[in-house]
Amino acid sequence: MSGLQRKHSFLDKMVGGLGGSKSKSRGPPGQLPKANSLGDFNEAEEEGWNIGQMSDKDITDEFEKMLENMNLTEEKKEPLRMLPISKKRDMLTMNSKTVARNKFDSPADYIQYLSNPELSLAKKYSCIESLRVALTNNSLEWVQDFGNKGLKQVLNVLNECFRNDSKWDRVQLECIKCLKAIMNNKVGLQNLFDHKEALTLMARSITPTVPLVMLEAVKLMAAVCLVPPDGHDKTLEAITIAGEVKQRERFQPIIQGLLIRNNEPLRVACLTLINALISSPEDIDFRIHLRNEFMRDGLIDVLEALENDNGEELQLQLKVFNEHKEEDFDEFAQRFDNIRLELDDVNECFELVKNLVLDTPAEPYFLSVLQHLVCIRDDSLVRPAYYKLIEECVSQIVLHKSGCDPDFRATKRFNID
(Lines give C-alpha, C1' and ligand atoms only; values in the text may rest on other atoms or scores of the structure.)
Protein backbone atom coordinates (compact mmCIF):
# COMPACT_ATOMS: atom_id res chain seq x y z
CA MET A 1 0.00 0.00 0.00
CA SER A 2 1.41 3.37 -1.02
CA GLY A 3 1.76 6.35 1.34
CA LEU A 4 -1.15 8.07 -0.43
CA GLN A 5 -3.33 4.96 -0.03
CA ARG A 6 -2.44 4.76 3.67
CA LYS A 7 -3.44 8.39 4.12
CA HIS A 8 -6.78 7.85 2.35
CA SER A 9 -7.41 4.69 4.38
CA PHE A 10 -6.69 6.60 7.59
CA LEU A 11 -8.97 9.45 6.51
CA ASP A 12 -11.74 7.02 5.59
CA LYS A 13 -11.57 5.55 9.09
CA MET A 14 -11.58 8.97 10.77
CA VAL A 15 -14.34 10.77 8.87
CA GLY A 16 -16.08 8.15 6.76
CA GLY A 17 -14.24 8.71 3.49
CA LEU A 18 -13.86 11.52 1.05
CA GLY A 19 -16.47 10.30 -1.37
CA GLY A 20 -16.02 10.19 -5.10
CA SER A 21 -15.79 13.14 -7.43
CA LYS A 22 -19.35 14.15 -8.13
CA SER A 23 -20.87 16.36 -10.78
CA LYS A 24 -24.00 18.12 -9.74
CA SER A 25 -27.01 17.00 -11.77
CA ARG A 26 -30.24 18.93 -12.23
CA GLY A 27 -31.74 17.01 -9.35
CA PRO A 28 -31.28 13.79 -7.38
CA PRO A 29 -32.96 10.77 -8.95
CA GLY A 30 -36.46 10.25 -7.68
CA GLN A 31 -36.17 13.31 -5.46
CA LEU A 32 -39.18 15.53 -5.45
CA PRO A 33 -39.87 19.00 -4.14
CA LYS A 34 -40.33 19.09 -0.37
CA ALA A 35 -43.97 18.33 0.28
CA ASN A 36 -45.14 21.49 1.93
CA SER A 37 -48.63 21.26 0.45
CA LEU A 38 -51.17 18.73 -0.76
CA GLY A 39 -50.25 19.68 -4.33
CA ASP A 40 -46.62 18.78 -3.64
CA PHE A 41 -47.62 15.40 -2.27
CA ASN A 42 -49.82 14.78 -5.33
CA GLU A 43 -46.83 15.63 -7.52
CA ALA A 44 -44.73 13.20 -5.49
CA GLU A 45 -47.23 10.41 -5.97
CA GLU A 46 -47.33 11.12 -9.69
CA GLU A 47 -43.54 10.94 -9.90
CA GLY A 48 -43.61 7.61 -8.04
CA TRP A 49 -46.10 6.31 -10.61
CA ASN A 50 -43.80 7.48 -13.42
CA ILE A 51 -40.97 5.34 -12.01
CA GLY A 52 -43.21 2.33 -12.54
CA GLN A 53 -43.52 3.23 -16.23
CA MET A 54 -39.77 3.68 -16.86
CA SER A 55 -37.84 1.35 -19.14
CA ASP A 56 -35.20 -0.94 -17.67
CA LYS A 57 -32.46 1.28 -19.13
CA ASP A 58 -33.96 4.41 -17.53
CA ILE A 59 -34.26 2.61 -14.21
CA THR A 60 -30.59 1.61 -14.41
CA ASP A 61 -29.55 5.19 -15.21
CA GLU A 62 -31.66 6.71 -12.42
CA PHE A 63 -30.47 4.06 -9.97
CA GLU A 64 -26.86 4.96 -10.76
CA LYS A 65 -27.62 8.64 -10.14
CA MET A 66 -29.22 7.75 -6.82
CA LEU A 67 -26.08 5.83 -5.77
CA GLU A 68 -23.90 8.80 -6.69
CA ASN A 69 -26.10 11.17 -4.74
CA MET A 70 -25.83 8.89 -1.70
CA ASN A 71 -22.04 9.51 -1.71
CA LEU A 72 -21.24 5.80 -1.53
CA THR A 73 -17.81 4.35 -2.24
CA GLU A 74 -17.35 2.15 -5.31
CA GLU A 75 -16.97 -0.84 -3.01
CA LYS A 76 -20.43 -0.24 -1.54
CA LYS A 77 -22.02 0.60 -4.88
CA GLU A 78 -21.00 -2.64 -6.58
CA PRO A 79 -23.30 -5.12 -4.73
CA LEU A 80 -26.25 -2.71 -5.19
CA ARG A 81 -25.60 -2.61 -8.93
CA MET A 82 -25.98 -6.40 -9.00
CA LEU A 83 -29.58 -6.23 -7.72
CA PRO A 84 -32.35 -7.32 -10.14
CA ILE A 85 -34.11 -4.55 -12.07
CA SER A 86 -37.34 -5.06 -10.09
CA LYS A 87 -35.50 -4.43 -6.82
CA LYS A 88 -33.88 -1.31 -8.25
CA ARG A 89 -37.32 -0.06 -9.34
CA ASP A 90 -38.69 -0.65 -5.82
CA MET A 91 -35.74 1.18 -4.22
CA LEU A 92 -36.18 4.17 -6.54
CA THR A 93 -39.89 4.32 -5.71
CA MET A 94 -39.21 4.09 -1.99
CA ASN A 95 -36.53 6.79 -2.24
CA SER A 96 -38.88 9.15 -4.09
CA LYS A 97 -41.60 8.76 -1.46
CA THR A 98 -39.14 9.16 1.40
CA VAL A 99 -37.73 12.36 -0.04
CA ALA A 100 -41.19 13.71 -0.84
CA ARG A 101 -42.27 13.34 2.77
CA ASN A 102 -38.98 14.51 4.22
CA LYS A 103 -39.66 17.41 6.56
CA PHE A 104 -36.04 18.52 6.89
CA ASP A 105 -35.62 22.20 6.15
CA SER A 106 -33.65 23.25 3.10
CA PRO A 107 -30.03 24.44 3.41
CA ALA A 108 -31.20 27.99 2.77
CA ASP A 109 -33.61 27.79 5.72
CA TYR A 110 -30.81 26.75 8.10
CA ILE A 111 -28.51 29.49 6.80
CA GLN A 112 -31.16 32.16 7.19
CA TYR A 113 -32.15 30.98 10.68
CA LEU A 114 -28.56 30.86 11.99
CA SER A 115 -27.84 34.33 10.61
CA ASN A 116 -30.30 35.80 13.15
CA PRO A 117 -28.14 37.48 15.85
CA GLU A 118 -31.02 37.48 18.35
CA LEU A 119 -31.23 33.69 18.73
CA SER A 120 -31.12 32.36 22.28
CA LEU A 121 -28.65 29.68 23.35
CA ALA A 122 -31.40 27.06 23.45
CA LYS A 123 -32.59 27.91 19.94
CA LYS A 124 -29.06 27.87 18.55
CA TYR A 125 -28.41 24.47 20.12
CA SER A 126 -31.64 23.03 18.72
CA CYS A 127 -30.87 24.39 15.26
CA ILE A 128 -27.25 23.20 15.21
CA GLU A 129 -28.28 19.76 16.47
CA SER A 130 -30.94 19.52 13.76
CA LEU A 131 -28.42 20.72 11.18
CA ARG A 132 -25.95 18.03 12.22
CA VAL A 133 -28.63 15.37 11.62
CA ALA A 134 -29.54 16.93 8.27
CA LEU A 135 -25.92 17.10 7.11
CA THR A 136 -25.37 13.49 8.16
CA ASN A 137 -28.54 11.96 6.70
CA ASN A 138 -29.30 14.06 3.62
CA SER A 139 -27.88 13.58 0.15
CA LEU A 140 -24.53 14.78 -1.08
CA GLU A 141 -26.28 17.43 -3.16
CA TRP A 142 -28.01 18.76 -0.02
CA VAL A 143 -24.67 19.05 1.77
CA GLN A 144 -23.07 20.76 -1.21
CA ASP A 145 -26.02 23.18 -1.48
CA PHE A 146 -25.31 24.10 2.14
CA GLY A 147 -21.92 25.17 0.78
CA ASN A 148 -19.71 28.05 1.82
CA LYS A 149 -22.56 30.19 3.14
CA GLY A 150 -23.63 27.41 5.47
CA LEU A 151 -20.06 26.69 6.54
CA LYS A 152 -19.63 30.35 7.42
CA GLN A 153 -22.70 30.26 9.70
CA VAL A 154 -21.49 27.11 11.51
CA LEU A 155 -18.08 28.71 12.06
CA ASN A 156 -19.72 31.90 13.35
CA VAL A 157 -21.56 29.86 15.98
CA LEU A 158 -18.38 27.93 16.82
CA ASN A 159 -16.47 31.19 17.24
CA GLU A 160 -19.21 32.40 19.56
CA CYS A 161 -18.63 29.36 21.79
CA PHE A 162 -15.12 30.59 22.64
CA ARG A 163 -16.54 33.87 23.94
CA ASN A 164 -18.99 32.22 26.33
CA ASP A 165 -19.04 29.86 29.31
CA SER A 166 -19.43 26.09 29.64
CA LYS A 167 -23.15 26.27 28.85
CA TRP A 168 -22.05 26.50 25.22
CA ASP A 169 -20.07 23.23 25.32
CA ARG A 170 -22.95 21.26 23.81
CA VAL A 171 -23.26 23.79 20.99
CA GLN A 172 -19.51 23.56 20.35
CA LEU A 173 -19.70 19.76 20.15
CA GLU A 174 -22.54 19.89 17.61
CA CYS A 175 -20.61 22.48 15.56
CA ILE A 176 -17.58 20.19 15.34
CA LYS A 177 -19.85 17.31 14.29
CA CYS A 178 -21.36 19.54 11.60
CA LEU A 179 -17.87 20.27 10.29
CA LYS A 180 -17.19 16.54 10.21
CA ALA A 181 -20.29 16.00 8.05
CA ILE A 182 -19.38 18.93 5.78
CA MET A 183 -15.84 17.67 5.15
CA ASN A 184 -17.04 14.15 4.37
CA ASN A 185 -16.89 14.90 0.63
CA LYS A 186 -14.29 16.52 -1.59
CA VAL A 187 -16.19 19.75 -2.19
CA GLY A 188 -16.88 20.30 1.52
CA LEU A 189 -13.32 19.43 2.42
CA GLN A 190 -11.98 21.95 -0.10
CA ASN A 191 -14.37 24.62 1.26
CA LEU A 192 -12.98 23.95 4.72
CA PHE A 193 -9.40 24.27 3.43
CA ASP A 194 -10.19 27.51 1.61
CA HIS A 195 -11.76 29.21 4.63
CA LYS A 196 -9.11 31.19 6.48
CA GLU A 197 -10.41 30.42 9.99
CA ALA A 198 -12.04 26.99 9.78
CA LEU A 199 -9.06 24.83 10.74
CA THR A 200 -7.88 27.35 13.34
CA LEU A 201 -11.27 27.20 15.09
CA MET A 202 -11.06 23.40 15.03
CA ALA A 203 -7.56 23.57 16.52
CA ARG A 204 -8.79 25.94 19.25
CA SER A 205 -11.38 23.30 20.13
CA ILE A 206 -8.55 20.98 21.26
CA THR A 207 -9.17 21.80 24.92
CA PRO A 208 -8.65 19.13 27.62
CA THR A 209 -11.24 20.79 29.88
CA VAL A 210 -13.94 19.84 27.34
CA PRO A 211 -12.92 16.24 26.51
CA LEU A 212 -15.93 15.36 24.32
CA VAL A 213 -15.32 18.37 22.09
CA MET A 214 -11.57 17.75 22.11
CA LEU A 215 -12.02 14.12 21.03
CA GLU A 216 -13.98 15.09 17.91
CA ALA A 217 -11.62 17.97 17.09
CA VAL A 218 -8.47 15.87 17.46
CA LYS A 219 -9.87 13.11 15.24
CA LEU A 220 -10.75 15.61 12.53
CA MET A 221 -7.38 17.36 12.70
CA ALA A 222 -5.59 14.00 12.39
CA ALA A 223 -7.66 13.20 9.31
CA VAL A 224 -7.10 16.62 7.73
CA CYS A 225 -3.36 16.33 8.41
CA LEU A 226 -3.12 13.36 6.03
CA VAL A 227 -4.98 14.96 3.12
CA PRO A 228 -2.58 15.66 0.24
CA PRO A 229 -1.02 17.87 -0.84
CA ASP A 230 -1.05 20.48 1.92
CA GLY A 231 -3.17 19.01 4.72
CA HIS A 232 -0.15 18.71 7.00
CA ASP A 233 0.94 22.32 6.45
CA LYS A 234 -2.56 23.68 7.10
CA THR A 235 -3.03 21.52 10.20
CA LEU A 236 0.30 22.59 11.68
CA GLU A 237 -0.43 26.24 10.87
CA ALA A 238 -3.84 26.02 12.57
CA ILE A 239 -2.37 24.41 15.69
CA THR A 240 0.37 27.06 15.76
CA ILE A 241 -2.12 29.93 15.55
CA ALA A 242 -4.30 28.33 18.24
CA GLY A 243 -1.25 28.15 20.51
CA GLU A 244 -0.47 31.81 19.87
CA VAL A 245 -4.08 32.82 20.64
CA LYS A 246 -3.97 30.96 23.96
CA GLN A 247 -0.36 32.06 24.63
CA ARG A 248 1.00 28.58 25.28
CA GLU A 249 3.17 25.97 23.58
CA ARG A 250 1.30 24.81 20.49
CA PHE A 251 1.46 21.07 21.26
CA GLN A 252 0.73 21.38 24.97
CA PRO A 253 -3.05 20.65 24.77
CA ILE A 254 -2.40 17.46 22.80
CA ILE A 255 0.05 16.26 25.46
CA GLN A 256 -2.47 17.15 28.18
CA GLY A 257 -5.02 14.98 26.41
CA LEU A 258 -2.67 12.00 26.84
CA LEU A 259 -2.68 12.60 30.61
CA ILE A 260 -6.44 12.03 30.98
CA ARG A 261 -6.23 8.44 32.21
CA ASN A 262 -9.94 7.61 32.29
CA ASN A 263 -10.53 8.57 28.63
CA GLU A 264 -8.94 5.93 26.41
CA PRO A 265 -10.51 7.14 23.12
CA LEU A 266 -9.11 10.64 23.66
CA ARG A 267 -5.62 9.33 24.46
CA VAL A 268 -5.67 7.17 21.32
CA ALA A 269 -6.86 10.11 19.20
CA CYS A 270 -4.15 12.40 20.61
CA LEU A 271 -1.38 9.89 19.91
CA THR A 272 -2.84 9.33 16.42
CA LEU A 273 -2.63 13.07 15.76
CA ILE A 274 0.95 13.14 17.05
CA ASN A 275 1.89 10.32 14.67
CA ALA A 276 0.17 12.06 11.76
CA LEU A 277 1.96 15.35 12.44
CA ILE A 278 5.40 13.75 12.86
CA SER A 279 5.35 11.13 10.12
CA SER A 280 3.85 13.19 7.26
CA PRO A 281 6.81 15.44 6.29
CA GLU A 282 9.23 14.07 3.71
CA ASP A 283 12.19 15.91 5.24
CA ILE A 284 13.85 13.94 8.05
CA ASP A 285 15.12 17.10 9.77
CA PHE A 286 11.57 18.43 9.99
CA ARG A 287 10.27 15.10 11.34
CA ILE A 288 12.99 15.03 14.00
CA HIS A 289 12.29 18.69 14.83
CA LEU A 290 8.57 18.04 15.37
CA ARG A 291 9.23 14.90 17.43
CA ASN A 292 11.70 16.73 19.65
CA GLU A 293 9.26 19.62 20.10
CA PHE A 294 6.62 17.18 21.32
CA MET A 295 9.17 15.66 23.69
CA ARG A 296 10.10 19.08 25.09
CA ASP A 297 6.44 19.98 25.55
CA GLY A 298 5.97 17.02 27.88
CA LEU A 299 5.72 13.84 25.81
CA ILE A 300 9.01 12.65 27.28
CA ASP A 301 7.31 12.51 30.70
CA VAL A 302 4.24 10.67 29.39
CA LEU A 303 5.81 7.88 27.31
CA GLU A 304 6.60 5.59 30.26
CA ALA A 305 3.01 5.76 31.49
CA LEU A 306 1.79 5.03 27.95
CA GLU A 307 4.06 1.98 27.77
CA ASN A 308 2.35 0.58 30.86
CA ASP A 309 -1.15 1.09 29.46
CA ASN A 310 -2.76 -2.14 28.26
CA GLY A 311 -5.16 -0.53 25.77
CA GLU A 312 -4.84 -2.31 22.42
CA GLU A 313 -5.42 0.74 20.20
CA LEU A 314 -3.13 2.89 22.33
CA GLN A 315 -0.35 0.31 22.12
CA LEU A 316 -0.80 0.17 18.34
CA GLN A 317 -0.31 3.93 18.04
CA LEU A 318 2.63 3.78 20.45
CA LYS A 319 4.19 1.07 18.28
CA VAL A 320 3.79 3.33 15.22
CA PHE A 321 5.43 6.20 17.12
CA ASN A 322 8.43 4.07 18.18
CA GLU A 323 8.86 2.50 14.73
CA HIS A 324 8.95 5.89 13.01
CA LYS A 325 11.38 7.18 15.63
CA GLU A 326 13.72 4.22 15.07
CA GLU A 327 13.54 4.57 11.29
CA ASP A 328 14.46 8.25 11.52
CA PHE A 329 17.33 7.47 13.88
CA ASP A 330 18.74 4.90 11.44
CA GLU A 331 18.50 7.44 8.61
CA PHE A 332 20.11 10.13 10.75
CA ALA A 333 22.92 7.77 11.83
CA GLN A 334 23.56 6.94 8.17
CA ARG A 335 23.98 10.65 7.54
CA PHE A 336 26.72 10.71 10.22
CA ASP A 337 28.54 7.90 8.43
CA ASN A 338 28.39 9.94 5.22
CA ILE A 339 29.76 13.01 7.02
CA ARG A 340 32.73 11.00 8.28
CA LEU A 341 33.51 9.95 4.72
CA GLU A 342 33.08 13.41 3.18
CA LEU A 343 34.62 15.55 5.94
CA ASP A 344 37.88 13.78 6.68
CA ASP A 345 40.00 16.94 6.85
CA VAL A 346 40.46 18.53 10.31
CA ASN A 347 40.64 22.10 9.02
CA GLU A 348 37.58 21.77 6.78
CA CYS A 349 35.54 20.23 9.59
CA PHE A 350 36.61 22.88 12.11
CA GLU A 351 35.82 25.74 9.71
CA LEU A 352 32.39 24.24 9.00
CA VAL A 353 31.47 23.98 12.70
CA LYS A 354 32.89 27.45 13.41
CA ASN A 355 30.83 29.01 10.64
CA LEU A 356 27.70 27.20 11.85
CA VAL A 357 27.92 28.65 15.38
CA LEU A 358 29.52 32.02 14.62
CA ASP A 359 27.36 34.93 15.88
CA THR A 360 24.73 32.56 17.27
CA PRO A 361 23.78 31.77 20.90
CA ALA A 362 25.75 28.53 20.51
CA GLU A 363 29.09 30.30 19.91
CA PRO A 364 30.13 30.81 23.59
CA TYR A 365 29.43 27.15 24.35
CA PHE A 366 31.52 26.06 21.37
CA LEU A 367 34.33 28.32 22.57
CA SER A 368 34.04 26.83 26.06
CA VAL A 369 34.36 23.31 24.64
CA LEU A 370 37.54 24.33 22.80
CA GLN A 371 38.94 25.98 25.95
CA HIS A 372 38.34 22.80 27.93
CA LEU A 373 40.09 20.77 25.25
CA VAL A 374 43.12 23.05 25.60
CA CYS A 375 43.24 22.12 29.29
CA ILE A 376 43.88 18.43 28.57
CA ARG A 377 47.29 17.45 29.97
CA ASP A 378 50.15 17.56 27.48
CA ASP A 379 50.89 13.86 27.72
CA SER A 380 51.28 11.75 24.58
CA LEU A 381 49.78 8.71 26.37
CA VAL A 382 46.94 10.44 28.22
CA ARG A 383 45.73 12.83 25.52
CA PRO A 384 44.41 10.11 23.13
CA ALA A 385 42.55 8.49 26.03
CA TYR A 386 40.89 11.81 26.88
CA TYR A 387 39.84 12.39 23.29
CA LYS A 388 38.53 8.84 22.96
CA LEU A 389 36.38 9.29 26.08
CA ILE A 390 35.12 12.71 24.92
CA GLU A 391 34.33 11.30 21.45
CA GLU A 392 32.25 8.50 22.99
CA CYS A 393 30.34 10.98 25.16
CA VAL A 394 29.64 13.31 22.24
CA SER A 395 28.57 10.40 20.05
CA GLN A 396 26.08 9.17 22.66
CA ILE A 397 24.67 12.65 23.15
CA VAL A 398 24.37 13.67 19.50
CA LEU A 399 23.34 10.25 18.17
CA HIS A 400 21.15 9.37 21.13
CA LYS A 401 19.71 5.85 20.86
CA SER A 402 16.22 7.20 21.68
CA GLY A 403 16.16 8.94 18.31
CA CYS A 404 15.26 12.21 20.07
CA ASP A 405 17.07 15.11 21.64
CA PRO A 406 18.33 14.33 25.15
CA ASP A 407 16.39 15.64 28.13
CA PHE A 408 18.18 19.01 28.42
CA ARG A 409 16.63 19.52 31.85
CA ALA A 410 18.94 16.80 33.15
CA THR A 411 22.24 18.50 32.23
CA LYS A 412 22.92 19.52 35.82
CA ARG A 413 22.65 15.88 36.84
CA PHE A 414 25.12 14.72 34.19
CA ASN A 415 27.57 12.28 35.76
CA ILE A 416 30.59 10.90 33.90
CA ASP A 417 30.48 7.76 36.05
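Positions within a chain are numbered from 1, following the residues in the order the chain's sequence is written. Per-residue local features of the predicted model are confined to residues with pLDDT of at least 70, and side-chain atom pairs are confined, for both listing and counting, to 80 or more; whole-chain, interface and lining totals are unaffected and use all residues. By convention in this description, side-chain values take in all heavy atoms of the structure and omit both hydrogens and water.

## A look at the overall build of the protein
Right, so step 1: For the protein, the helix and strand inventory stands at 20 helices and zero strands.
Right, so step 2: Contact criterion: two residues are considered in contact whenever any of their non-hydrogen atoms come within 4.5 Å of each other. Summarising the internal contacts of the protein: among those between residues at least 6 apart in sequence, 69% fall at separations of at least 24.
Right, so step 3: For the protein, the computed accessible surface area is about 24200 Å², with 52% contributed by carbon and sulfur atoms. Segments assigned H or I by DSSP are reported as helices when at least four residues long, segments assigned E as strands when at least two residues long, and all are numbered from the N terminus. Only the protein chains shown count as cover for residues, with accessible areas throughout obtained via the Shrake-Rupley method and a probe of 1.4 Å.

## Side note on the nonpolar core
Taken as a class, soluble globular proteins show a tendency for nonpolar side chains to be buried jointly.
Right, so step 1: Buried Ala, Val, Leu, Ile, Met, Phe, Trp, Tyr and Cys residues form a nonpolar core when they are joined through side-chain atoms within 4.5 Å. Between buried and exposed lies partly exposed: a residue is buried under 20% and exposed over 50% of the maximum accessible area for its type, with that area taken using a 1.4 Å probe on protein chains only. Ranked by size, the top nonpolar core spans 79 residues in total, and within it Leu131, Leu179 and Ile254 carry the most contacts.
Right, so step 2: Those residues in contact with Leu179 that lie beyond four places of it in its chain are Leu151, Val154, Leu155, Leu158, Leu192 and Met202.
Right, so step 3: Ranked by size, the runner-up nonpolar core spans seven residues in total, among them Ile51, Leu67, Leu72 and Leu92.

## Considerations on the pattern of salt bridges
Right, so step 1: Take a side-chain nitrogen of Lys or Arg and a carboxyl oxygen of Asp or Glu: if they are within 4 Å of each other, that pair is a salt bridge. By the definition in use, this model includes 17 salt bridges.
Right, so step 2: Measuring nitrogen to oxygen at the nearest pair gives 3.2 Å for the salt bridge that ties Arg81 to Glu78. Taken together, the residues span about one helical turn, with Arg81 and Glu78 both in helix α4 (residues 74–81) at a distance of three residues.
Right, so step 3: By relative accessible area, Glu78 is classed as partly exposed at 40%.
Right, so step 4: The structure contains a network of salt bridges with shared partners spanning Glu64, Glu74, Lys77, Glu78 and Arg81.

## Considering the packing of aromatic side chains
Right, so step 1: Put simply, two rings from Phe, Tyr or Trp (the six-membered ring, in Trp's case) pair if the centres are within 6.5 Å, and we call them stacked under 30 degrees between planes, edge-to-face over 60, tilted for the rest. What the rule picks out here adds up to four aromatic pairs.
Right, so step 2: For the ring pair Tyr110 and Trp142, a centre distance of 5.9 Å and an interplane angle of 80° mean the geometry is edge-to-face. Of this pair, Tyr110 sits in helix α6 (residues 107–114) while Trp142 sits in helix α8 (residues 140–162), and the two are 32 residues apart along the sequence.
Right, so step 3: Summarising the aromatic geometry, the rings of Phe251 and Phe294 are spaced 3.9 Å apart at their centres and angled 10° between planes, so their arrangement reads as stacked. Of this pair, Phe251 sits in the loop between α13 (231–246) and α14 (252–258) while Phe294 is found in helix α16 (residues 284–307), placing the two residues 43 residues apart along the sequence. Neither residue differs from the other here; Phe251 and Phe294 are each classed as buried.
Right, so step 4: Two limits define a charge over a ring: the Lys NZ or Arg CZ must be within 6 Å of the ring centre, and within 35 degrees of the ring normal. Above the face of the Tyr125 ring, Arg170 is positioned so that its terminal group lies 4.0 Å from the ring centre.
Right, so step 5: Against the face of Phe162 rests Arg204, its NZ or CZ located 4.2 Å from the ring centre.

## Concerning the environment of Trp168
Right, so step 1: Here Trp168 shows up in the loop between α8 and α9 (169–182).
Right, so step 2: In this structure, the C-alpha to C-alpha distance between Trp168 and Lys124, residues 44 residues apart in sequence, is 9.8 Å.
Right, so step 3: Aside from chain neighbours lying at most four places away, what touches Trp168 is Leu121, Lys124, Glu160 and Cys161.

## Comments concerning the packing of helix α12 (residues 211–225) against helix α15 (residues 264–279)
Right, so step 1: All axes are obtained by fitting lines to C-alpha atoms, using only the stretch in contact for helices, and the reported angles, taken between N-to-C directions, cover 0 to 180 degrees. At their nearest, the axes of α12 and α15 sit 9 Å apart, and the two run at 25° to each other. By the angle between their directions, the pair α12 and α15 is classed as roughly parallel. Handedness of the crossing formed by α12 with α15: left-handed. Across the interface between the two elements, Pro211, Met214, Leu215, Val218, Lys219, Met221, Ala222 and Cys225 of α12 pack against Pro265, Leu266, Ala269, Cys270, Thr272, Leu273, Ala276 and Leu277 of α15.
Right, so step 2: Across the contact of α12 with α15, the residue classes tally to 14 nonpolar, one polar and one charged. Orientation labels follow simple angle bins: below 35 degrees gives roughly parallel, above 145 gives roughly antiparallel, 65 to 115 gives roughly perpendicular, and whatever is left gives oblique. Take the far helix as the reference: if the near one is turned anticlockwise from it by less than a right angle, the crossing is left-handed, and if turned clockwise, right-handed. Just so you know the grouping, Ala, Val, Leu, Ile, Met, Phe, Trp, Tyr, Cys and Pro go in nonpolar, Asp, Glu, Lys and Arg go in charged, and all remaining residues, Gly too, go in polar.

## Thoughts on a negative patch on the surface
Right, so step 1: A cluster of acidic residues, Glu323, Glu326, Glu327 and Asp330, forms a negative patch at the surface.
Right, so step 2: Mapping Asp330 onto the fold places it in helix α17 (residues 312–342). Nonpolar side chains (Val, Leu, Ile, Met, Phe, Trp, Tyr) are joined into patches within 5 Å and like charges within 9 Å, using only residues with over 30% relative accessible area and no salt bridge. Charge assignment: positive for Lys and Arg, negative for Asp and Glu; neither His nor the chain ends contribute. Think of each charge as sitting on NZ of Lys, CZ of Arg, CG of Asp or CD of Glu.

## Some thoughts on the side chain of Thr200
Right, so step 1: The topology assignment puts Thr200 in helix α11 (residues 198–204).
Right, so step 2: Under the relative-accessibility criterion, Thr200 is labelled buried at 11%.
Right, so step 3: Non-local contacts of Thr200, meaning those with residues more than four positions away in its chain, are made with Ala238, Ile241 and Ala242.

## Focus on the packing of α6 against helix α7 (residues 121–137)
Right, so step 1: Where α6 meets α7, the closest approach of the two axes is 11 Å, and the angle between their N-to-C directions is 155°. As judged from the angle between their axes, α6 and α7 are roughly antiparallel. The interaxial crossing formed by α6 with α7 has left-handed handedness. Two secondary-structure elements touch here, α6 through Tyr110, Tyr113 and Leu114 and α7 through Lys123, Cys127, Ile128, Ser130, Leu131 and Ala134.
Right, so step 2: Counted by class, the contact of α6 with α7 contains seven nonpolar, one polar and one charged residues.

## Describing the confidence of the model for the protein
Right, so step 1: By definition, pLDDT measures how confident the predictor is in each residue, and it falls between 0 and 100. For the protein, the mean per-residue pLDDT works out to 82, and 81% of the residues sit at or above 70.
Right, so step 2: Across residues 1–46, where pLDDT falls below 50, the model places 80 contacts with residues more than four positions away in sequence or in other chains.
Right, so step 3: Here residues 100–104 is a poorly scored stretch, pLDDT under 50, and it has 15 contacts once near neighbours within four places are set aside; other chains count.

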